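These are the residues of each chain, in order.
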Amino acid sequence: MDRRLTPYSGRVAHVSLSGEVNAPLTEGLQAQVIVPVANLRATPGGARDRQLLLGEAVTVIDRDKGHAFVMAAKDGYCGWMAESDLGQGPAPTHWVAVPGTHLYTEPQVQAPEKAALSLGSRLAMIGSWGAWANTPHGYVPIRHLRPLGEWADDPVTVAESLLGTPYLWGGNSRMGLDCSGLVQLAMQACGKPCPGDSDMQMALGRNLPASEAMRRGDLVFWKGHVALVVDKDRLIHANGHTMSVAYEGIRDSVARISAGGGGLVLARQRM
């Protein structure tokens, strides 16, 4: 079983694994992320696999010395995170629909900011004050939010809004993205389910034969890497070459990655 998608901490398993593992089973407890960005790790305090954003829901399966083993609601990704990054609160009603915004202490532009929020963060709007949304975490400009279900139209346009975002292995936020984090964030902003890692994302859509030309929104895969096609000549990806989200010519990227030992294109998928 793929540990990333297996809700089993090594001690306790989710009830969905009944009959598959010899371990105590639990339905888990529902919680949500209460910090702007939380790391999801392979082991307690270990290497980062992915990140979760404010307001994202998880099922807590196990706890150990200040860490919680969770399963993310958005994609089933499992791992350990700091227990202090989790809490309870009203169900989110809105999502941050711009690359980034801030939480403010008061509903005015001169107020001190409390935290920076990324595209995709989820908030419960419990009231409003003029042009400001009141949330349990602070005030946010209403124009930076959309109701859940009111999604963006084009994943590539979303990805383009993140140009220049620094590269971060396992990153899922405006503060830092890796290749699959960019694709997932762009897809989910359009209401499209998307797994967290590039090898999982290779199962999305349908495979394009070599004879079929690529078009905007197609995905191109190498071993351990994924990019979004912008047009017939360019793609956009979070990459370690520029250490950012950047455009690159399709021919240039194929030649560069191959010359660098990254191999040939493994798949081209149309969503």
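Residues numbered from 1 in each chain as written. Predicted model: local features only at pLDDT ≥ 70, side-chain atom pairs only at ≥ 80, totals over all residues. Heavy atoms only, no water.

## So, helix H2 (residues 179-189)
In plain terms, the rule: The classification of residues rests on relative accessible area computed with a 1.4 Å probe and restricted to protein chains. Under 20% of the type maximum is buried, over 50% is exposed, and intermediate values are partly exposed. A run of DSSP states H or I qualifies as a helix once it reaches four residues; a run of E qualifies as a strand once it reaches two. Both are numbered from the N-terminal end.
Of all 11 residues in H2, 11 are buried, a share of seventy percent or more. Listed as buried for H2 are Cys-179, Ser-180, Gly-181, Leu-182, Val-183, Gln-184, Leu-185, Ala-186, Met-187, Gln-188 and Ala-189. In the stretch just after H2, Gly-191 is the one whose phi turns positive, near 75 degrees.

## Things to note about the packing of aromatic side chains
Geometrically, a pair of aromatic rings is defined through the distance of the ring centres and the angle of the planes. Inclusion rule: Stacked, tilted and edge-to-face pairs are distinguished by plane angle, under 30 degrees for stacked and over 60 for edge-to-face with tilted covering the rest, among Phe, Tyr and Trp rings (Trp via its six-membered ring) whose centres lie within 6.5 Å. Lysine NZ or arginine CZ positioned within 6 Å of the ring centre and within 35 degrees of the ring normal marks a charge as sitting over the ring.
Summed over all chains, the structure comprises three aromatic pairs. Relative to Trp-151, the ring of Trp-95 lies with its centre 5.4 Å away and its plane at 40 degrees, an arrangement referred to as tilted. Highlighted residues: Trp-95 in strand E10 (residues 94-96) and Trp-151 in the loop between strand E17 (145-147) and helix H1 (155-160), separated in sequence by 56 residues. With centroids separated by 5.2 Å and ring planes inclined at 80 degrees, the aromatic side chains of Tyr-104 and Trp-132 adopt a geometry described as edge-to-face. Within this pair, whereas Tyr-104 is found in strand E11 (residues 100-104), its partner Trp-132 is found in strand E15 (residues 132-135), the two being separated by 28 residues in sequence. Its relative accessible area of 17% is what places Tyr-104 among the buried residues. Judged by relative accessible area, which is 10%, Trp-132 ranks as buried. The side chain of Arg-234 reaches across the aromatic face of Tyr-247, ending 4.5 Å from its centre.

## A short note on the nonpolar core
Which entries qualify depends on this criterion: The criterion is simple. A nonpolar core is a set of buried Ala, Val, Leu, Ile, Met, Phe, Trp, Tyr and Cys residues joined through side-chain atoms within 4.5 Å.
Counting 29 residues, the largest nonpolar core has Val-158, Leu-177, Leu-182, Val-183, Leu-219 and Leu-228 as its most contacted members. Going through the elements one at a time, H1, H2, strand E21 (219-222), strand E22 (225-229) and strand E23 (234-239) are the ones with two or more residues in this core. The biggest single contributor to this core is H2, with seven residues. Counting residues in hydrophobic clusters, the runner-up holds 15 residues, among them Ala-31, Val-35, Leu-52 and Met-81.

## Quick word on the sheet that holds E17
The pairing of strands in a sheet happens through backbone hydrogen bonds and is either parallel or antiparallel. Applied cut-off: Pairing between strands requires that DSSP locate at least two bridges from one strand to the other.
Overall, antiparallel pairing links the three strands, which are arranged E13-E10-E17 in an open sheet. Both outer strands of the open sheet, strand E13 (122-123) and E17, are each paired with one neighbouring strand and no more. Pairing between E10 and E13: two bridges, direction antiparallel. Counted as the bridge partner of Trp-95 is Arg-122 from E13.

## Let's talk about the pattern of salt bridges
So the rule is basically this: By salt bridge we mean one thing: a side-chain nitrogen of Lys or Arg within 4 Å of a carboxyl oxygen of Asp or Glu.
Under the definition given, this model contains 18 salt bridges. Of the charged contacts, one joins Asp-199 and Arg-4 as a salt bridge, the two residues approaching to 2.8 Å between their closest N and O atoms. Of the two residues, Asp-199 sits in helix H3 (residues 198-201) while Arg-4 sits in the segment before strand E1 (13-14), which places them 195 residues apart along the sequence. As a salt-bridge pair, Asp-218 and Arg-270 come within 2.8 Å of each other at their nearest N and O atoms. Residue Asp-218 is found in the loop between strand E20 (206-207) and E21, and its partner Arg-270 is found in strand E25 (residues 267-270); the two are separated by 52 residues along the sequence. An identical accessibility class is assigned to Asp-218 and Arg-270; each is buried. When salt bridges with common partners are traced through the structure, they connect Asp-2, Arg-4, Arg-50, Asp-178, Asp-197 and Asp-199 into a single cluster.

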